[in-house]
Amino acid sequence: LLSRRFAEPGLDPVAELASGGWDGLALAASDGPTLARLAAGPGGAGAWSRPFVALESGAGTASAARLARSMGLPIMATPAGTLFGPDDADRLRLLAAIDRRVTLSGLAGASSWREPGPPDEAPSAARAASLYSAWPEARVAAALLVREAADASSFFSSPPAFPAWRGLDDEETFRSLRRACEEGAARRYAPGGMGRADVAARLSRELAMIRDKGFSGYFMVVRDIVSACPRTCGRGSAASSIVSYLLGLTHVDPLAHDLFFERFLNEGRTDPPDIDIDFPWDERPAVLAGVFRDYAGRAAMVADHCRFSGRSRVREPALALGKTPDEAMALTEEWRLKGPDALPPELARAAELLRGVPRYIGTHPGGVVVVPGAITDYTHVQASPMGLPVLAWEKDGTERAGLVKIDLLGNRSLAVLRDCIELVSAKAPPGGELSWDRFNPVDEPRARELIESGHTIGIFYIESPATRQLLAKMRTADYGHLVAASSIIRPAANKYIAEYVRRLRGGSWRRLPPAVEECLSETHGIMVYQEDVARAAMAAAGFTAAEADALRKALTKKRKGPGFPALRERFMEGCARNGTGPGDADELWSMMLSFDGYSFCKAHSASYALVSYRLAWMKAWHPGEFICSVINNGGGFYGTQAYVDEARRLGFQLRPPHVNDGGTVYRVESAGPPAIRAGLAQVAGASAGCVARTAGERERGGPFADFIDFLDRVRPSFDDLRALALSGSLDGLGAGGEVLNRPRMLWAWHQWRTAGERGRGRELFPSWKAPACIGDYSPSRKLADEARFLGVILSARPSDLYAGRAGAAAARLGWPAPVPSSSLPSLLGRRTALVGVAVAGKEVMASTGQAMCFRSFSDADGVFETVVFPKVWERLMPILEGNVAFLLLGIPRDDLGAVALHLEDARGLNRPCRPGG
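Rules used throughout
Residues numbered from 1 in each chain as written. Predicted model: local features only at pLDDT ≥ 70, side-chain atom pairs only at ≥ 80, totals over all residues. Heavy atoms only, no water. Helix = DSSP H or I, 4+ residues; strand = E, 2+ residues; numbered from the N terminus. Buried < 20%, exposed > 50% of the residue type's maximum accessible area, 1.4 Å probe, protein only. Contact = heavy atoms within 4.5 Å. Pairing = 2+ DSSP bridges. Salt bridge = Lys/Arg side-chain N within 4 Å of Asp/Glu carboxyl O. Axes fitted to C-alpha atoms, helices over the stretch in contact; angles between N-to-C directions. Expected span 1.5 Å × (residues − 1). Polar contact = N/O pair within 3.5 Å; in protein donor to acceptor, adjacent residues only side chain to side chain. Phe/Tyr/Trp six-rings, centres within 6.5 Å; stacked < 30°, edge-to-face > 60°. Lys NZ or Arg CZ within 6 Å of the ring centre and 35° of its normal. Core = buried A, V, L, I, M, F, W, Y, C linked by side-chain atoms within 4.5 Å. pLDDT = per-residue confidence, 0-100. Parallel < 35°, antiparallel > 145°, perpendicular 65-115°, else oblique. Left-handed = near helix turned anticlockwise from the far one by under 90°. Nonpolar A, V, L, I, M, F, W, Y, C, P; charged D, E, K, R; others polar.

### A closer look at the overall build of the protein chain
Assigned secondary structure in the protein chain consists of 35 helices and 19 strands. In the protein chain, buried positions account for 50% of the 917 residues. Residue pairs at least 24 apart in sequence account for 66% of intrachain contacts in the protein chain once pairs closer than 6 positions are excluded.

### Concerning the environment of V416
Along the chain, the position of V416 falls in helix α16 (residues 412-426). It is 8.3 Å that separates the C-alpha atoms of V416 and L615, two residues lying 199 residues apart in sequence. Sequence-distant contacts of V416, defined by excluding residues within four places in its chain, comprise L615, F626, S629, V630 and N633.

### With respect to the pairing of strand β15 (residues 832-845)
Where a strand is regular, its side chains alternate between the two sheet faces. Looking at chain direction, β15 and strand β18 (residues 885-895) are connected through six bridges and run antiparallel. From the neighbouring strand, V837 faces β18, where its bridge partner is A885. Adjacent in sequence and paired antiparallel, β15 and strand β16 (residues 851-859) are bridged by five residues, among which G849 carries a positive phi angle near 90°.

### A closer look at the sheet that holds strand β12 (residues 675-677)
Strand order across the open sheet formed by three strands is β10-β12-β11, with mixed pairing between neighbours. Of all strands in the sheet, those bounded by a partner on one side alone are β10 (653-655) and β11 (667-668). Taken together, the three bridges between β10 and β12 define a ladder with parallel strand orientation. Along β12, the bridge assignment pairs Q653 with A675.

### Digging into unusual backbone geometry
The amide bond that connects A190 to the next residue, P191, takes the cis arrangement and shows omega of 0°. By the secondary structure assignment, P191 is in the loop between α7 (170-188) and α8 (197-213). Of note, D443 is a non-glycine position whose phi angle comes to about 65°, a positive value. With respect to the secondary-structure elements, D443 resides in the loop between α16 and α17 (445-453). Even without glycine at this site, H524 takes up a positive phi of about 60°. Along the chain, the position of H524 falls in the loop between α21 (514-519) and α22 (530-541).

### A closer look at the pattern of salt bridges
By the definition in use, this model includes 60 salt bridges. Across the salt bridge formed by E738 and R744, the nearest N and O atoms sit 2.5 Å from each other. Relative accessible area serves as the criterion here: at 17%, E738 is assigned to the buried category. Overall, R744 belongs to the buried group, its relative accessible area being 14%. Shared partners join several salt bridges into a network, and the residues in it are D87, D90, R93, E115 and R349.

### Thoughts on the sheet that holds strand β19 (residues 898-908)
With mixed pairing, five strands are arranged side by side around a closed barrel as β15-β16-β17-β19-β18. On average, each strand axis in the sheet is inclined to that of its neighbour by 45°, with strand direction left out of account. Its contacts with the sheet place helix α34 (residues 803-813) against β15, β18 and β19, and it is angled at close to 75° to β18. Packed on one face of the sheet, helix α35 (residues 870-882) meets β15, β16, β17 (862-868), β18 and β19 and runs near 60° to β19.

### Examining α16
A rise of 1.5 Å per residue sets the reference length of α16, with its 15 residues, at 21 Å; its end C-alpha atoms lie 21 Å apart and thus fit the reference within 8%. Capping the start of α16, N411 holds a side-chain oxygen 2.8 Å from the backbone nitrogen of S413, two or three residues further along.

### Considerations on the packing of aromatic side chains
Within the structure shown, the criterion is met by 22 aromatic pairs. When the ring centre of W281 is taken as origin, the NZ or CZ atom of R412, which lies over that ring, is 4.2 Å away. Across the ring face of W621, the terminal group of R446 is positioned such that the distance to the ring centre comes to 4.0 Å.

### Looking at the nonpolar core
If you look at the biggest cluster of nonpolar residues, it comprises 125 residues, and the most contacted ones within it are L551, F571, M592, F707, F710 and L730. Ranked by residues supplied to this core, first place goes to helix α26 (residues 602-621) with 12 residues. In this structure, L551 is in contact with V533, A537, F543, F564, L567, W589 and M592, ignoring residues within four places of it in sequence. Counting residues in each nonpolar core, the second largest holds 50 residues, with L203, F215, V291 and V370 among its members.

### Describing the confidence of the model for the protein chain
Averaged over every residue, the pLDDT of the protein chain is 86; the share at 70 or more is 88%. The model gives residues 913-917 a pLDDT under 50, and that stretch makes 10 contacts with residues more than four places away or in other chains.

### Topic: the packing of α7 against helix α9 (residues 216-227)
Contact geometry for α7 and α9: axes closest at 9 Å, N-to-C directions at 55°. In terms of their interaxial angle, α7 and α9 are classed as oblique. As for the relative orientation of α7 and α9, their crossing is left-handed in sense. Across from T173, F174, S176, L177 and A180 in α7, the residues of α9 making contact are S216, G217, F219, M220 and R223. Considered class by class, the residues forming the contact of α7 with α9 number five nonpolar, four polar and one charged.

### As for the side chain of S729
Tracing the backbone shows S729 in the loop between α31 (718-726) and β13 (734-735). A polar contact is formed between the side chain of S729 and the backbone oxygen of P657, at a distance of 3.5 Å. Among the polar contacts listed, one links the side chain of S729 to the side chain of S727, at a separation of 2.8 Å.

### Here we look at the side chain of T332
Checked against the element boundaries, T332 lands in helix α13 (residues 325-338). A relative accessible area of 6% means that T332 is categorised as buried. Residues contacting T332, with those up to four places away along its chain left out, are R311, V314 and R315.

This is the structure we're talking about:
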């Protein structure tokens, strides 16, 4: 358990052990004098409680044992061995080849590689007994000693190491926290502030617990981080705390929305809480830089232990077996579609050898630890690719070590909201600007109507296919119900989602005991939030807050651990004592099990629902600014094309980027019919320097007069020129009185470059005429270039490009003529054909244990949903996975107002053609 710094040159390990207060296991030393000093302990007093000498098998073992015995030190058998099973040698070779990026056949010539052999094999129990027969105490007594030391160690499950705030002690920090909360109350609850009895009572209760737990410094450190970048969304259980709300860490009033503080902190909670803060994704790097500047040497990122799983355990060994990258990718795709039987035997075995094997230490998406002193007093660290220090532990190990994590995460939708506010405020009359702090359109009629319609593509957290269908079924989306909808969408809650909607729409139900019904009243007797599990357990079975929280944690960890059956038994016994009948107890327990592995607390859903409402207001009132902001920030649940198509459905023309119009990003055109123009920064292959020079030249010298003016002022490389020309960004520019098509622009660039090299420039262009043989590209080539250089198709609806081929295919197959998706509600129960472009998909397990799929497709009228049941999915999976555009056949079904196509058959239409072609 030595810190990494002990290995630094010039440091004495014995002195470091003494100064660090270490009194547990000492390391064995290779030289006698150091070993003697370790045995003596600090100051020669023999104060080390459990030093030992490690005995490896091999030369020198006997002399080390004699030396240890002469000093009175215990010895422990540590036989060398890296191979513990029959496959370990092959696994080691495979990992070594992957690590060195060589093939297995080329591994023999790789530097620092030694072929594993019998000396590396860990000895069997019988062999170990023989090796250490002269020192029997080394095998048993020392092993017990180590186990006792580990059990008694305070290294794990130690008291939380909370960061110190500005060098103040706990009491001074607490007084600062209380003052900050009182100031926040005056701001958040004006005009009442601390004069409101409910505010004062809740704050007093929370502060007392925070003071008792020693959490004051933690809250103040997070407040400082947020103050430096206040455009945030505090979420998770911390949003149930009024202290978080008053400090500005979260933005949902816990009193107004009945948020359960005990979900965040309670008297029986022994593990430290963590506060999750979302920042705009492009502002997070600056936030992290500030943390590591202010807490230099005292902070580190939490690790993420990455393993070989999914495609990596096929792709990486394929390369090690000598496959080319293209071959490895093809084999990986075969494995994904058809399973391990599709792989060559040697690759299938290699993939199995790597299953679950650790690959590298990554970085947790947001976890940061700040400690009172040097981080190296708690753990060693290593540098991440970004140059930030990273702990050795992932989030659970970090918690067990007593280190308190702060989650500082990047969220694209907060950047969307920020950009929308800035764009809308820029065109607002004086005094009409929007403010991040005061903009709160919850339940605004137009925003609510949009959410209730399910037309929520682009709106954070409620744009997934499942959520859009749920909203269409609910038919109501006031803030409270939106909070519930955001939380009840979880994999194991399917039957309770349907039951919730039925009750919401007026269905009756058998009432639970009054105490339980009261705590589930706002969700119609259905458990929706994690807090509902805790509250119901307390109401029905008499659980304490700590017991209820333990049950909640066991459920979110997929009921892992030996203690889960005991929790069920405790719940059933408590229900019996409290008068809750067996039928009600079973129903409550069944609802609790629907939280298996994935669920949200109400405070988390309430925080995200506030962001959803703000974005819904933007989409309802300022759709152009909204959709541009979504695209410019990298989108959300869907790919960019889905948002481009949504812009067209919202009534906007889509225009390509142009050097004489628009900017670097997508933006609403200020003149003419509603239109959105893509930005030059979207052009793949155009360097950032070229884009910046183009924008700067146009700002300084005005629009480019013609193509040669553009070349003279921007001086693009051929690669830059080619990307701009083939993306349409130079269309309409000419030279010498001739409007140049795209191939002639490429030809003219070479003439311009040659003339410049010869010292002759623009004056020659009027006489330059492109050869007549240089014609324009075909429409299909231009379409392909548009998709290649812009990543999307702007000039047409993608589904329209396949309409002609789809109609011909339907006629040939004897299927009905394809119809638009808006017709589905009028064709319920009738076999129907549609043309669709894939936008999303999710494979799930049916109740039978077989795989099935939900797929989303887009056409001119919108995004429509399909259900692919197990037998159909097994037959159609290669088609649906291997194509982009489809002719689909199925039967539309209505489920409480949400219509989906139950798919029966599909044909791929991958090769696009011109509309009507």
